[in-house]
Amino acid sequence: NREGSKFLLRKRTADLYKKGFETAYSLWKKTGEPDYKEFAFYFVEQSKNQILLEQLEKLNARQIANIPDSLLDYEQALRSRLTDLQSRQSALAEHPQKSDSLKRSALQDSLFKTRYRLQQHIDKLENDYPRYFKLKYTSEVVRLKEVQQSLLAPDEAMISYFFGQHNALYALAITQNNFQIKKLS
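The rules we used
- Residues numbered from 1 in each chain as written.
- Predicted model: local features only at pLDDT ≥ 70, side-chain atom pairs only at ≥ 80, totals over all residues.
- Heavy atoms only, no water.
- Patch = residues over 30% accessible without salt bridge, like charges linked within 9 Å, V, L, I, M, F, W, Y side chains within 5 Å.
- Areas by Shrake-Rupley, 256 points an atom, 1.4 Å probe, with all protein chains shown as cover.
- Salt bridge = Lys/Arg side-chain N within 4 Å of Asp/Glu carboxyl O.
- Buried < 20%, exposed > 50% of the residue type's maximum accessible area, 1.4 Å probe, protein only.
- Phe/Tyr/Trp six-rings, centres within 6.5 Å; stacked < 30°, edge-to-face > 60°.
- Helix = DSSP H or I, 4+ residues; strand = E, 2+ residues; numbered from the N terminus.
- Pairing = 2+ DSSP bridges.
- Axes fitted to C-alpha atoms, helices over the stretch in contact; angles between N-to-C directions.
- Parallel < 35°, antiparallel > 145°, perpendicular 65-115°, else oblique.
- Left-handed = near helix turned anticlockwise from the far one by under 90°.
- Nonpolar A, V, L, I, M, F, W, Y, C, P; charged D, E, K, R; others polar.

It is worth spelling out a nonpolar patch on the surface at this point. A surface patch of nonpolar side chains, amounting to about 330 Å² of accessible area, comprises I159, Y161 and L184. Accessibility expressed as a relative area gives 52% for Y161, which makes it exposed.

For the rest of this paragraph, the subject is the packing of aromatic side chains. A ring pair, where both rings are aromatic, is described by two values, the distance of the centres and the angle of the planes. Taken as a whole, this structure holds eight aromatic pairs when the rule is applied. With a centroid separation of 6.5 Å and 45° between ring planes, the pair formed by Y36 and F39 is classed as tilted. Of this pair, Y36 and F39 are both found in helix α2 (residues 34-58), three residues apart, which corresponds to roughly one turn of the helix. Residue Y36 is classed as partly exposed on the basis of its relative accessible area of 25%. Each residue in the set F21, Y25, W28, F162 and Y170 is aromatic and connected to the rest through ring pairs, giving one cluster.

Further remarks concern the sheet that holds strand β2 (residues 169-174). Spatially, three strands are ordered β1-β2-β3 in an open sheet, and the strand pairing comes out antiparallel. The open sheet has two edge strands with one neighbour each: β1 (158-163) and β3 (179-183). Between one strand axis and the next, the sheet turns by 20° as a mean value, whatever way the strands run. Two strands pair when backbone bridges link them, and β2 and β3 are joined in this way by five bridges, in the antiparallel orientation. When the bridges of β3 are listed, I174 appears paired with F179.

Moving on: the packing of helix α4 (residues 69-94) against helix α5 (residues 101-128). Put simply, α4 and α5 touch, their axes get as near as 9 Å, and they point 155° apart. Taken together, α4 and α5 sit at an angle that is classed as roughly antiparallel. The way α4 lies across α5 gives a crossing that is left-handed. By residue class, the composition of the contact of α4 with α5 is eleven nonpolar, six polar and eight charged.

This is the structure:
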């Protein structure tokens, strides 16, 4: 179902950002290389972007751009079909049978065609409704230097919290000249 697919996608994406953060954090702790700290910051910001995009969806971006419901319903149908095909492909891979080669081939073909249709549809939305496309598909992630140079005054600090894997809590403290990450739990 649609809501189940959306939940699964959100969970997988959140897990990916958590793993990315934890990997970058661990590498920074081991090497002291500042680039790894920046990667950790990147994954925190990507995670926030996901949350903001979900909220944007709830606010109904289609009303902002005046897109016909039929086009948005078509996009959702393609995404649901893609999720269903991917689930079926995973199920076949988990329990392979010799007789499944035709099924696998047909699923791969259907996946390819559905991805192609979805990409064509997204391209059409980008051309016909650039405002909607920008809101929904262009997720710009703020860079650490931008936060330090543009958002913070010399006497200000920004503190952000992030839940990593296994509910580990991290604090990110940013000033104009410094950036620290501390594992709190």
